[in-house]
Amino acid sequence: MNVSKSGYRVFSANSTPACIELAKKITECFYFLFFHSTQTYIVVLFMSETRVDVKESVRGQDIFIIQTIPRDVNTAIMELLVMAYALKTSCAKNIIGVIPYFPYSKQCKMRKRGSIVCKLLASMLAKAGLTHIITMDLHQKEIQGFFSCPVDNLRASPFLIQYIQEEIPDYRNAVIVAKSPSAAKRAQSYAERLRLGLAVIHGEAPGSEADMADGRHSPPATRTTTGHTGLEIPLMMAKEKPPITVVGDVGGRIAIIVDDIVDNVEDFVAAAELLKERGAYKIYIMATHGLLSAEAPTRIEESAIDEVVVTNTVPHELQKLQCPKIKTVDVSMILAEAIRRIHNGESMAYLFRNIAVDD
């Protein structure tokens, strides 16, 4: 074991009280030397500017910044950037960002005349001074290629699988459900580990906005040209998804829908109603990141969904007060172990045991 001679500090950003609470849980796992966020004064000045003053010497040390992402995403990102740059100019040896939910991860593909914002954010974090990133269940694993520094993409599935085994009565009578064909690999991973059946929801509900996300209207159907009309190129046939349906048997079983993010829950509510119609008597949703934006708690409470289980990568205390169906699984243990191994120069392979390429 190559033990680093430098010291280390764990700093929490001020984005939310939940961020500080997660930092405390992480540091309690191995009795880390933890400095509360008051050791780095983060002040919002007039004009909503952010200023960071580091009140402890960090010269030559490994610094871990824990930042969860609240609803005010851009403020949290700016706070992280300013904090990383302040530590960089204070001569920290390594600055490791612990970002359990990586923001803008859904914007990792080119859409029409847009941009790949996730790539931009990765470049900004590296430029600000981060030398390593610890995150969890990236929306697309290929996002790791956007970074010029190492990225450890941890998995929350062991904790969620443990919850299924311990908290869902008669889980042996369950079937794992993929909300869409694109989520089938994740669902298959859960099904194989739990030795359960697999079902896939195919098609889309009426009024779904999925067509705007899959490039169905890009480029525009018509365009104006001047002069030469151009060559006659074979036209790609337009997509037309069938009505929403279930591929697989869920009759008389518990349906467990697995995904990485629960944000706008309209698709989950529609899937739950369909599964109920097909005979499922209980509906669970398991996801890593519970963004639960807009009216999600109210819609969950009024839907056929029995329980939504997410981890504490994203603050959602207010949503839990609005909807008792929302449950939380703590993943601070694996984040703490990742911090310990990175500081001590130990292999991270232990945290990726039995994880295949497609997981």
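As recorded by an unreviewed UniProt entry, the protein carries the name Ribose-phosphate pyrophosphokinase N-terminal domain-containing protein and is attributed to Gadus morhua. Quoted verbatim from the Sequence similarities (unreviewed entry) field of the UniProt record, the comment on the protein reads "Belongs to the ribose-phosphate pyrophosphokinase family."

## Quick notes on unusual backbone geometry
For aspartate 137, which is not glycine, the phi torsion reads 45° and is therefore positive. Position of aspartate 137 among the secondary structure elements: in the loop between strand 7 (132-136) and strand 8 (151-154). A positive phi angle is found at leucine 292, which is not glycine, with a value near 50°. Of note, leucine 292 is situated in the loop between strand 13 (282-290) and helix 8 (296-302).

## Focus on the pairing of strand 6 (residues 94-98)
Buried residues dominate strand 6, accounting for 4 of its 5 residues. Pairing analysis gives 5 bridges linking strand 5 (residues 62-66) to strand 6, with the strands arranged parallel. Its bridge partner lying in strand 6, isoleucine 65 is registered against glycine 97. Inspection of the sheet shows strand 6 paired to strand 7 by 3 bridges, in the parallel sense. Within strand 7, the position partnered with glycine 97 by the bridge is isoleucine 133.

## Some remarks on the side chain of serine 105
Here serine 105 shows up in the loop between strand 6 and helix 3 (117-128). Looking at serine 105, its side chain comes within polar contact range of the main-chain oxygen of phenylalanine 102, at 3.2 Å. Excluding its chain neighbours within four sequence positions, the residues that come into contact with serine 105 are Cys118, His139, Ile143 and Ile261.

## Remarks on the sheet that holds strand 15 (residues 326-329)
The mixed open sheet is built from 7 strands, whose spatial order is 11-10-9-12-13-14-15. Looking at strand neighbours, the two that pair on one side only are strand 11 (245-247) and strand 15, the edges of this open sheet. Strand-to-strand twist across the sheet, computed as the mean angle between neighbouring axes with direction ignored, equals 30°. Strand direction decides the pairing type here: strand 13 and strand 14 (residues 307-311), joined by 3 bridges, are parallel. Within strand 14, the position partnered with tyrosine 284 by the bridge is glutamate 307.

## Thoughts on the state of the cysteines
Scanning the model with the defined rule gives 0 disulfides in all. In this structure cysteine 118 is a free cysteine whose sulfur lies 6.1 Å from that of cysteine 108, the closest cysteine sulfur available. For cysteine 118, a relative accessible area of 0% gives the class buried.

## Some details on the pattern of salt bridges
Evaluated as defined, the whole model comprises 7 salt bridges. Two residues, aspartate 53 and arginine 51, come together in a salt bridge whose shortest N-O distance is 3.5 Å. In this structure arginine 51 comes out as partly exposed when scored by relative accessible area, which is 39%. The shortest N-O distance in the salt bridge between arginine 340 and glutamate 337 comes to 2.8 Å. Remark: glutamate 337 and arginine 340 occur in helix 10 (residues 332-344); sequence separation between them is 3 residues, near one turn of the helix. Judged by its relative accessible area of 11%, glutamate 337 falls in the buried class.

## Quick word on the packing of helix 2 (residues 73-89) against helix 3
Where helix 2 meets helix 3, the axes come as close as 8 Å, and the angle between the chain directions of the two elements is 25°. Classed by the angle they form, the pair helix 2 and helix 3 counts as roughly parallel. Touching Ile77, Leu80, Leu81, Ala84, Tyr85 and Lys88 of helix 2 are Leu121, Met124, Leu125, Lys127 and Ala128, all from helix 3. Residue classes in the contact of helix 2 with helix 3 are distributed as 9 nonpolar, no polar and 2 charged.

Cut-offs and rules
Residues numbered from 1 in each chain as written. Predicted model: local features only at pLDDT ≥ 70, side-chain atom pairs only at ≥ 80, totals over all residues. Heavy atoms only, no water. UniProt positions renumbered as here; feature names shortened; annotations may be inferred. Helix = DSSP H or I, 4+ residues; strand = E, 2+ residues; numbered from the N terminus. Buried < 20%, exposed > 50% of the residue type's maximum accessible area, 1.4 Å probe, protein only. Pairing = 2+ DSSP bridges. Polar contact = N/O pair within 3.5 Å; in protein donor to acceptor, adjacent residues only side chain to side chain. Contact = heavy atoms within 4.5 Å. Axes fitted to C-alpha atoms, helices over the stretch in contact; angles between N-to-C directions. Disulfide = S-S within 2.5 Å. Salt bridge = Lys/Arg side-chain N within 4 Å of Asp/Glu carboxyl O. Parallel < 35°, antiparallel > 145°, perpendicular 65-115°, else oblique. Nonpolar A, V, L, I, M, F, W, Y, C, P; charged D, E, K, R; others polar.

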